[in-house]
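Residue-level structural notes
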Amino acid sequence: LAWCTLRLATDVFDIMKPPKPPPPGLELVFEGPWPHEFFKPAGLACRSFTGNVALLVAEKYAVHELRPEQAALRSAEVDCLAQSPRFQARGIQGITVECTNDEAQCTTLLMGATGTTALRCANGTRPAQEVRLFGGPWRTGAASSDSKSLWALAMRGPTLLEPNLHAGTGSNFSQDMVPSMELEVVDAEPAIAFDRLEGGGLLGLSADGEMRSWLPSRGGTWRPAGWSNHLPKSLGLRWSGFCMAGRAAYLVGMPAGKAAAGTNPQIWKWELPATEQD
């Protein structure tokens, strides 16, 4: 009886407690219409060009592009996937964009559902290239700052995959990537997506909305930055991907739980303060 009374009192206090205000700079960008009623996002990537941003939204068998100012989706990477029907048939579980210093020189990297391969799409300038990822299976990916390596996640922390420059005879080393470094895990809730920070570093997002960062040190090692923040639970979303464009984080999630309003995926934009990226 005492336990039941305490539990009831706790629930009453939780109801009376005012909700935590949302972080400043958080705004809804897009909630449809989506290509079909069963659309479930598998990942999100940002591509910046001439001051604008294009968002690439992956689902299991296709990729779509969203220009936030136009609020409409169009098909993307169609030719690339058509060149690799076996990869497409196995499905997509993540997406990232690799760019050089020239914004026009960007390629899209699709993470395969098996976690052992990725597909590199070079915007029609080169044929689609399937990449083998050793050491997995890997669950998600983010391009590194040199545009040649890949941050990926398995059962532990973020791991850097680099091209295998010592492949044996008969192996195309440009299509093989192997682990070279693993970062310390700082999340109680496993991260489901990563992306680079503008000033260097790595930002991770968990499915329940917790964001944490890692920063490189002068000695070449990486350390947890000590900063974390949590997206409001009042949004009622289960997050499935995010990407960075300058100081803005774009995040995609599915409504979940009693707090959910509707059933369509939503994309949000969050302007991160400078202190959270430094």
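Residues numbered from 1 in each chain as written. Predicted model: local features only at pLDDT ≥ 70, side-chain atom pairs only at ≥ 80, totals over all residues. Heavy atoms only, no water.

**Some words on the overall build of the protein**
The number of helices and strands found in the protein is three helices and 20 strands. Residue burial in the protein is summarised as follows: out of 278 residues, 44% are buried. A separation of at least 24 residues holds for 46% of the contacts in the protein among residues at least 6 apart in sequence. Summing over all exposed atoms, the protein offers an accessible surface of approximately 14500 Å²; the carbon and sulfur share of this is 55%. (Helix = DSSP H or I, 4+ residues; strand = E, 2+ residues; numbered from the N terminus. Buried < 20%, exposed > 50% of the residue type's maximum accessible area, 1.4 Å probe, protein only. Contact = heavy atoms within 4.5 Å. Areas by Shrake-Rupley, 256 points an atom, 1.4 Å probe, with all protein chains shown as cover.)

**A short note on the nonpolar core**
Nonpolar side chains in soluble globular proteins tend to end up buried together. Within the largest apolar cluster, 19 residues are counted, with the highest numbers of intra-cluster contacts made by Leu203, Met211, Trp239, Phe242 and Leu251. Of all elements in the fold, only strand E15 (202–206), strand E16 (210–216), strand E18 (237–245), strand E19 (248–255) and strand E20 (266–271) reach the threshold of two or more residues within this core. Tallying contributions element by element places E18 first for this core, with four residues. If we skip the residues at most four places from it in the chain, Phe242 touches Leu44, Ala193, Phe194, Asp195, Leu203, Gly204, Leu205, Met211, Ala249, Tyr250 and Leu251. (Core = buried A, V, L, I, M, F, W, Y, C linked by side-chain atoms within 4.5 Å.)

**Considering the state of the cysteines**
For the structure on display, the rule yields two disulfides. Residue Cys46 pairs covalently with Cys243 via a disulfide, S to S 2.0 Å. Across the S-S bond of Cys46 and Cys243 the torsion is about 65 degrees, and the bridge reads as right-handed. Taken together, the positions of Cys46 in strand E2 (residues 43–49) and Cys243 in strand E18 put the pair 197 residues apart, joining distant regions of the chain. Grouping residues by exposure puts Cys46 and Cys243 together as buried. (Disulfide = S-S within 2.5 Å.)

**Observations regarding the confidence of the model for the protein**
Of all residues in the protein, 74% attain a pLDDT of 70 or more, and the chain-wide mean is 79. Counting contacts from residues 11–16, a segment whose pLDDT is below 50, to residues more than four positions away or on other chains yields zero contacts. (pLDDT = per-residue confidence, 0-100.)

**Thoughts on the pattern of salt bridges**
Applying the stated criterion to the full structure yields eight salt bridges. Close ionic contact of Glu65 with Arg67 constitutes a salt bridge, the shortest N to O distance being 3.1 Å. Judged by relative accessible area, Glu65 falls into the buried class, the value being 6%. In this structure, Arg74 engages Glu65 in a salt bridge whose closest nitrogen and oxygen atoms are separated by 3.0 Å. Where salt bridges share partners, they join Glu65, Arg67 and Arg74 into one cluster. (Salt bridge = Lys/Arg side-chain N within 4 Å of Asp/Glu carboxyl O.)

**Brief notes about the packing of aromatic side chains**
Taken as a whole, this structure holds three aromatic pairs when the rule is applied. An angle of 20 degrees between the planes, with centres 4.8 Å apart, marks the rings of Trp34 and Phe39 as stacked. Across the pair, exposure class does not vary: Trp34 and Phe39 are buried alike. Between Phe194 and Trp214 the ring centres are 5.7 Å apart and the planes differ by 50 degrees, which places this aromatic pair in the tilted class. Note that Phe194 is positioned in strand E14 (residues 191–196) and Trp214 in strand E16, a separation of 20 residues in sequence. A connected cluster of aromatic rings, assembled from ring pairs, spans Phe30, Trp34 and Phe39. (Phe/Tyr/Trp six-rings, centres within 6.5 Å; stacked < 30°, edge-to-face > 60°.)

**A short note on the environment of Leu81**
In this structure, Leu81 sits in helix H2 (residues 78–83). Put simply, Leu81 and Cys121 are 40 residues apart on the chain and 8.3 Å apart in space, counted from C-alpha to C-alpha. In contact with Leu81, not counting residues within four places along its chain, are Tyr61, Ala62, Val63, Phe87, Gln88, Ile92, Leu110 and Leu119.

**Re the side chain of Asp176**
Mapped onto the elements, Asp176 comes out in strand E13 (residues 176–182). Overall, Asp176 belongs to the buried group, its relative accessible area being 3%. Reaching out from Asp176, the side chain makes a polar contact with the side chain of Arg132 at a distance of 2.8 Å. (Polar contact = N/O pair within 3.5 Å; in protein donor to acceptor, adjacent residues only side chain to side chain.)

**Quick word on the sheet that holds strand E3 (residues 52–58)**
Sheet architecture is open: four strands sit in the order E2-E3-E4-E5, paired in antiparallel fashion. Looking along the sheet, the strands with just one partner apiece sit at the ends: E2 and strand E5 (72–76). Here the average twist between neighbouring strands, direction ignored, is 30 degrees. Note that E3 and strand E4 (residues 63–67) share four bridges and pair antiparallel. Residue pairing in the sheet places Val57 in a bridge with His64 of E4. (Pairing = 2+ DSSP bridges. Axes fitted to C-alpha atoms, helices over the stretch in contact; angles between N-to-C directions.)

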